[in-house]
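Residue-level listing of the chains:
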Amino acid sequence: MSRPGAARPLGGPYFEDLTPGQILDDAPALTLTPGHAALHQAIAGDRLRLALDAPLCAAVTGAATPLAHPNLVCDVAIGQSTGFTQRVRANLFYRGLVLQRPLFIGDTLRTTTTVVAMKQNRVRPDAPATGLVALRITTVDQEGRPVLDFWRCPMLPLRDRDAATGHADSFDDIPDELDPAAVDAAVPAWDLSPLRKSAPGPYGADLEPGTVFDLEAGETVSAAAELVRLTLNLATAHTDATTTEHGRRLVYGGHTISVAAAHASRGLPALATIVAWQRCDHVGPVFEGDVLRTTLHVEHVRPAGDGALAQLRAEVTTAREDGESPVLDWRFVGLLA
């Protein structure tokens, strides 16, 4: 039985509460269900065929259940890493995210988060005191097989504005480029011919660097808090407007990324899966009700397995009073039939 006494506060750490080497491994594991897939698809509007069409997925992959959308997998891993970052003010970047194996509905994700570097920001008179925390995030499936190993960089507030933590680590060791060998190793040995037969082009063999897809139709951001809850994300900025400097809930960055991925699946119907994120920079805030538009650039294409790997860049904007404002610059690698 609990004893009467002072209330125990429940909230995330401030910047000065963290130390390099600190590990968080107690986030709940999550088994991906058809319900997760349906809600994620409804929020993002994605048209990735192997995540939607079970017979096609079986023909391509040999799996008995549909592919778990790679962005759903990433969103869950990120959500499981947020115990350290419940007070996050912004997430500056993701780096080196490679989906080392495809996951399917019924698979389970477990994530460990490690603080690898910290850097206190210079205090500005008109802003709260903050610091940057480099986190390394590793995710495995129910059999302990590696799924993800990547970095992200949240900005956290200090409890004491005048604190001098001494944290001034360099983030230079966080790779800015993907390891080509790791990307090649992550390409699944699928038979992509059924996808080529069922999906219109362009196919991998047809795609040329320099091609640009400018999607005219925007996507209105909705159910932002629901996506946060679905993926176990504890960041209060996404669910509690009173904790943000904007007085409005910030949309989780992965929501914007998932909309960009949905736009990519419209421009590239023969996209089998997303293999890796080279980098992802959130260059502006996104709010519920914003209308997102994506310009998709094909930067590089090379053969891989039964298809081709395309290095893609999604630039996402939203309408503001002074015109279209950039909110996302996402470079990623897709496997095309």
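It should be noted that the structure appears before, not after, this text.
Description of the structure in this document. Because the structure is a prediction, the values reported are computed rather than measured.

Criteria and thresholds
- Residues numbered from 1 in each chain as written.
- Predicted model: local features only at pLDDT ≥ 70, side-chain atom pairs only at ≥ 80, totals over all residues.
- Heavy atoms only, no water.
- 1 Å grid on protein atoms, 1.4 Å probe; cavity = no way out; pocket = protein on both sides within 12 Å on 5 of 7 lines; lining within 4 Å.
- Points joined across faces, edges and corners; volume = space filled by probe spheres on them.
- Helix = DSSP H or I, 4+ residues; strand = E, 2+ residues; numbered from the N terminus.
- Nonpolar A, V, L, I, M, F, W, Y, C, P; charged D, E, K, R; others polar.
- Buried < 20%, exposed > 50% of the residue type's maximum accessible area, 1.4 Å probe, protein only.
- Polar contact = N/O pair within 3.5 Å; in protein donor to acceptor, adjacent residues only side chain to side chain.
- Contact = heavy atoms within 4.5 Å.

**A word on empty space enclosed by the protein**
At step 1: In total, this model carries 1 cavity of 30 Å³ or more according to the counting rule given.
At step 2: Taken as a whole, the largest cavity holds about 100 Å³ of empty space.
At step 3: At the level of elements, helix H4 (70-80) and strand S9 (271-282) are the ones that each hand at least two residues to the lining of the largest cavity.
At step 4: Element by element, the count of residues in the lining of the largest cavity is highest for S9, at 3 residues.
At step 5: Of the residues that constitute the lining of the largest cavity, the class distribution is 11 nonpolar, 1 polar and 1 charged.

**Structural notes on the side chain of His238**
At step 1: Mapped onto the fold, His238 is located in the loop between helix H7 (224-230) and helix H8 (253-267).
At step 2: Of the residues examined, His238 reaches a relative accessible area of 10% and is grouped as buried.
At step 3: In terms of polar contacts, His238 uses its side chain to reach the backbone carbonyl oxygen of Leu250, at 2.8 Å.
At step 4: Leave out the neighbours within four places in its chain, and His238 touches Ala225, Val228, Asn233, Arg249, Leu250, Val251 and Tyr252.

**Observations regarding the side chain of Gln120**
At step 1: Within the secondary structure layout, Gln120 lies in strand S4 (residues 108-120).
At step 2: Within the structure, Gln120 has its side chain in polar contact with the backbone oxygen of Ala163 (distance 2.9 Å).
At step 3: For Gln120, the contacting residues outside a window of four places in its chain are Phe15, Thr130, Gly131, Leu158, Ala163, Ala164, Thr165, Gly166 and His167.

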